[in-house]
Amino acid sequence: MLRNTSTSMSGRSSMSRRLFLTTTGAVSLGLTLTACGGSDSGGSSGSSKPVSQADIDKAMKTPTELTFWTWVPNIDKEVALFEAKYPAIKVKVVNAGQGTPQYTKLRTALKAGSGAPDMVQIEYQAIPTFTITDSLLDLRPYGASALKEKFVDWTWQQVSGSKGEVWAIPQDTGPLGMLYRKDIFDKHGIKVPTTWDEFAAAARKLHKADPDVYLTNLAANQVAAWHGLLWQAGAKPYVVSDRSDITIGVDDAVSRKLGAYWGGLAQEGVVSTDPDFTDGWYAGFNKGKYATWITAAWGPAFLSGSAKATSGKWRAAPLPQWDASKPSSGNWGGSTTAVIRSTKNPIAAAQFAQFLNSDPASAKMFATEQFFFPATKALLTDATFTGDAPAFYGGQKVNQVFADISSTVNSSFQWPPFLDQAATDWTETVGKSLADKTDTVRALGTWQTRLTTYAKSQGFTVETP
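Bear in mind that the values here come from a model prediction, so they are computed numbers and not experimental data.

**Student:** Help me out: how do you make sense of the pairing of strand β4 (residues 89–94) in this one?
**Tutor:** If a strand is regular, its side chains alternate between the two faces of the sheet. Note that strand β3 (residues 64–69) and β4 share six bridges and pair parallel. Paired with Glu-65 across the bridge in β4 is Lys-90. The β-α-β motif built from β3, the intervening helix α3 (residues 76–85) and the parallel element β4 has right-handed crossover chirality.

If you want it as C-alpha cells, here you go:
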C-alpha cells in the first residue's frame, strides 16, 4: 500500500528489488528429487487423500517447530499472528538468501536429503523449476482448494498444476501498468497513450522536442519486463503439456510483433535502453530523463523512495494496449508460500502457508508493513487500500489504478522449468540487440534456437507453435 507521504517509502528501495524477476538454476530432467517426508497426526506428504478436520485440529495442538525460508523483511510480524492463533506451533524464520541464492541452497539441501525447510518463499516463475523435481507438496489434501475464490483468478492459475494441484499460496503480485510524468506530458502536449501506436508517436514527438528526454527506458538487462510485455500481448512463449514436453515459442508472431516494435524504437533512438538499478538509471528518474516507467504494482512504492526530487509530478495509468477493445496486462514480480514435500510436518506447514496469505489480518499486514501489492480479492476492493492517495502521485488513488489493472491480467501465461537459461539466453540475444540497436527480430530467432537446443539437451521433447 502507498502511504500519503513519500517519506514513508524511503526504506523501500532495497526491498523492492526482490520483486524483480530472479531466475533459478538449471534443472535436468534426470535429477528427480522425490523426497517423501513423514506424517504428523494422520497427514502424509505424499498422499492425495484429504486430511480430516480432526487430524488438522490435532496437529495444530501438537507442539511442533517449523522452519520457514523467506527473504521478506520483518515477516516476523505476520508469523506472530499465526503463532498467536496456534500457540503449539513455533516457526523459525530463516533468510537463506534472496531469490536465486535461496533457490540454489534449497536445491542443494533437497539433493542432499537434509537441511531443507518446511516452507519456503518462492516466486511464481520459479514454481515449475521445483515442481518438475517433485519438490513441492500438493496442498489440496490440506484444504487449500477452498481458498481459490479468495485470490485473484490469474494468481491462482499461477500456483496450480496441470492436474489441479495447488503448489503454493499467492502472497503478492505485480500487475503491469505505466507511471508517467504529468508535468512533462503537459509541457509537450502529450496525452496519456492508450494504444502502443499512440505510445510510439509520443516517443518520437517528445524526443524530437527534447533530445535529452525519452518517453521511456526499456532496460536491455531486464528480462522480467520483456516477459511481462509478452504476457500482456497474449504470447505463450512456454507451454508445458507434460513433465517432459514443452512448446517453446519465443519467436512466434506475437513475439516478433513485440520485437519489431521495441527494436524499432530503440534503433530510432526515441526510447533508451539503459541498464536498470545503476546509478545512471536512478539519476535518470530524478533528473527527468524518463517520462514514463513501464512497471508493476510495486513500482509506485519503489519510485517514491528512489526519486524523491520528483514528488508530485508522477501519475499512474494502465499500459497502452494492442487492442483497446480488449484491455490486457501482464505481471512482473510477486511471490508465494510453498511447502517442501520432504517436511515431516505437512499439516502444520500447509496450514501455515494458507494462514499467512489468506488470513485477513496477515494479508493486510503485508500491504501496510511491507507494501506488497495484494493477491486477495478482499484487499483489492478494500476502500482503505484502494482509497489511499499519496502526495507523491499528486493525490491520485494509485492503488485503485493497479487494482483495476490486476483484473485484466491474462490467466493462461506459463513459465518454463528452466527459467535461468531462458533469462541468460534472452540477455545475450534480445537484450543485446536492444542495447546495440541491432535487429531484435533476428535476435528472437537466435533466442529460440538457443533455448530449444538447451531444452533438448535436458531431455525435453520440444515443439514450436
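After that view of the structure, there is still more to cover.
**Student:** I'm lost on the nonpolar core in this one. Help?
**Tutor:** Taken as a class, soluble globular proteins show a tendency for nonpolar side chains to be buried jointly. Trp-226, Trp-262, Leu-303 and Trp-447 are the most contacted members of the largest nonpolar core, which has 89 residues in total. Broken down by element, the residue count for this core peaks at eight residues, all from helix α9 (residues 223–233). Apart from residues lying up to four places away in sequence, Leu-303 is in contact with Leu-179, Phe-285, Trp-293, Trp-314, Phe-392 and Tyr-393. Within the second largest apolar cluster, 53 residues are counted, among which are Phe-82, Leu-137, Ile-340 and Ala-375.

**Student:** Help me out: how do you make sense of the sheet that holds β4 in this one?
**Tutor:** Strand order in the open sheet formed by five strands is β4-β3-β5-β12-β6, with mixed pairing between adjacent strands. The sheet is open, and its two edges are formed by β4 and β6 (169–170), each paired on a single side. Across two bridges, the pairing between β3 and strand β5 (residues 119–123) is parallel. Residue Phe-68 lies in a different strand from β5, and its bridge partner there is Met-119. Sitting on the sheet, helix α13 (residues 346–358) is in contact with β3, β4, β5, β6 and β12 (335–339), with an inclination near 165 degrees to β12.

**Student:** Quick question: what am I supposed to make of helix α8 (residues 196–209) here?
**Tutor:** Each α-helix turn comprises 3.6 residues. Residues three or four places apart therefore point the same way. End to end, α8 covers 20 Å across 14 residues, agreeing with the expected 20 Å (1.5 Å per residue, within 8%). Buried within α8 are the following residues: Trp-196, Phe-199, Ala-200, Ala-202, Ala-203, Leu-206 and His-207. Along the axis of α8, the buried residues cluster in a sector spanning 165 degrees; they form a single face. Exposed residues pointing more than 90 degrees away from the buried face of α8 are listed as Asp-197 and Lys-208. Buried-residue contacts for α8 involve β7 (176–181), α7 (182–187), α9, α10 (253–268) and β10 (292–296).

**Student:** Looking at this structure, I do not really get the environment of Thr-100. What am I missing?
**Tutor:** Within the secondary structure layout, Thr-100 lies in helix α4 (residues 100–112). Sequence spacing of Thr-100 and Asp-420 is 320 residues, and the spatial spacing of their C-alpha atoms is 9.2 Å.

**Student:** I keep staring at the sheet that holds strand β9 (residues 245–248) and nothing clicks. Help me out?
**Tutor:** In any sheet, the strands associate via hydrogen bonds between backbone groups, in a parallel or an antiparallel arrangement. With mixed pairing, the three strands of this open sheet are ordered in space as β8-β9-β13. Bordering the open sheet on either side are β8 (238–242) and β13 (461–463), each of which pairs with just one other strand. Strand-to-strand, the axes of this sheet are offset by a mean angle of 25 degrees, without reference to chain direction. Sitting on the sheet, helix α19 (residues 440–457) is in contact with β8, β9 and β13, with an inclination near 175 degrees to β9.

**Student:** Even after reading the chapter, I still don't get the environment of Thr-292, so can you show me in this structure?
**Tutor:** Tracing the backbone through its elements, the reader meets Thr-292 in strand β10. Judged by its relative accessible area of 1%, Thr-292 is buried. With 112 residues separating them in the primary sequence, Thr-292 and Tyr-180 have C-alpha atoms 4.1 Å apart. Non-local contacts of Thr-292, meaning those with residues more than four positions away in its chain, are made with Met-178, Leu-179, Tyr-180, Phe-185, Phe-199, Leu-215, Thr-216, Asn-217 and Trp-314. A polar contact of 2.7 Å, which involves the side chain of Thr-292, links it to the backbone oxygen of Leu-215. Polar side-chain contacts of Thr-292 include one of 3.0 Å to the side chain of Thr-216.

**Student:** Sorry if this is basic, but what is going on with the pattern of salt bridges here?
**Tutor:** Pairing between side chains of opposite charge can happen when the charged atoms of each approach one another. For the structure shown, the criterion picks out 13 salt bridges. When the shortest N-O distance is used, the salt bridge between Lys-377 and Glu-149 registers 3.5 Å. Highlighted residues: Lys-377 in helix α15 (residues 377–380) and Glu-149 in the loop between α5 (127–131) and α6 (153–158), separated in sequence by 228 residues. By relative accessible area, Lys-377 is classed as partly exposed at 30%. Ionic contacts of the salt-bridge type, sharing partners, join the residues Glu-149, Asp-153 and Lys-377 into one network.

**Student:** So what exactly am I meant to see when it comes to helix α18 (residues 419–436) here?
**Tutor:** Compared with the 26 Å implied by 1.5 Å per residue over 18 residues, the 24 Å span of α18 between its first and last C-alpha is a close match. Of all bends in α18, the biggest is about 40 degrees, found at Thr-427. Buried within α18 are the following residues: Leu-419, Asp-420, Gln-421, Ala-422, Ala-423, Asp-425, Trp-426, Thr-429, Val-430, Gly-431, Ser-433 and Leu-434. Its buried side turned inward, α18 meets α9, β8, α10 and α19. Looking one or two places after α18, you find Lys-437, whose phi comes out positive at around 60 degrees.

Reading the values: the criteria
Along each chain, residues carry numbers from 1 onward, in the same order as the chain's sequence is written. Only residues with pLDDT of at least 70 are given local features in this predicted model, and only at 80 or more are side-chain atom pairs given and counted; all residues enter the totals for whole chains, interfaces and linings. For side-chain calculations, the full set of non-hydrogen atoms in the structure is used, while hydrogens and water are omitted. Being paired, for any two strands, means DSSP has found at least two bridges between them. In this description a helix means any DSSP run of H or I spanning at least four residues, a strand means any run of E spanning at least two, and both kinds are numbered starting from the N terminus. If the strands point away from the viewer and the path from the first strand over the helix to the second runs clockwise, then the crossover is right-handed. Nine residue types can take part in a nonpolar core, namely buried Ala, Val, Leu, Ile, Met, Phe, Trp, Tyr and Cys, and a core is a set of them joined through side-chain atoms within 4.5 Å. Burial classes follow relative accessibility: with a 1.4 Å probe on protein chains only, a residue under 20% of its type's maximum area counts as buried, one over 50% as exposed, and anything between as partly exposed. Two residues qualify as a contact provided that any one of their heavy atoms is within 4.5 Å of a heavy atom in the partner residue. To get an axis, a line is fitted to the C-alpha atoms, and for a helix only the part in contact is used. The angle between two axes follows their N-to-C directions and goes from 0 to 180 degrees. One less than the residue count of a helix, multiplied by 1.5 Å, gives the span that helix is expected to have. Arc, as used here, means the arc of the directions from the helix axis to the C-beta atoms. Throughout this description, a polar contact denotes any pair of N or O atoms lying within 3.5 Å of each other; where both atoms belong to protein, one of them has to be capable of donating a hydrogen while the other can accept it, and for residues adjacent in sequence the pair is counted only when both atoms sit in side chains. Put simply, a salt bridge is a Lys or Arg side-chain nitrogen that is within 4 Å of an Asp or Glu carboxyl oxygen. In this analysis the local bend is the angle between axes fitted, respectively, to the seven residues ending at and the seven residues starting at the residue.

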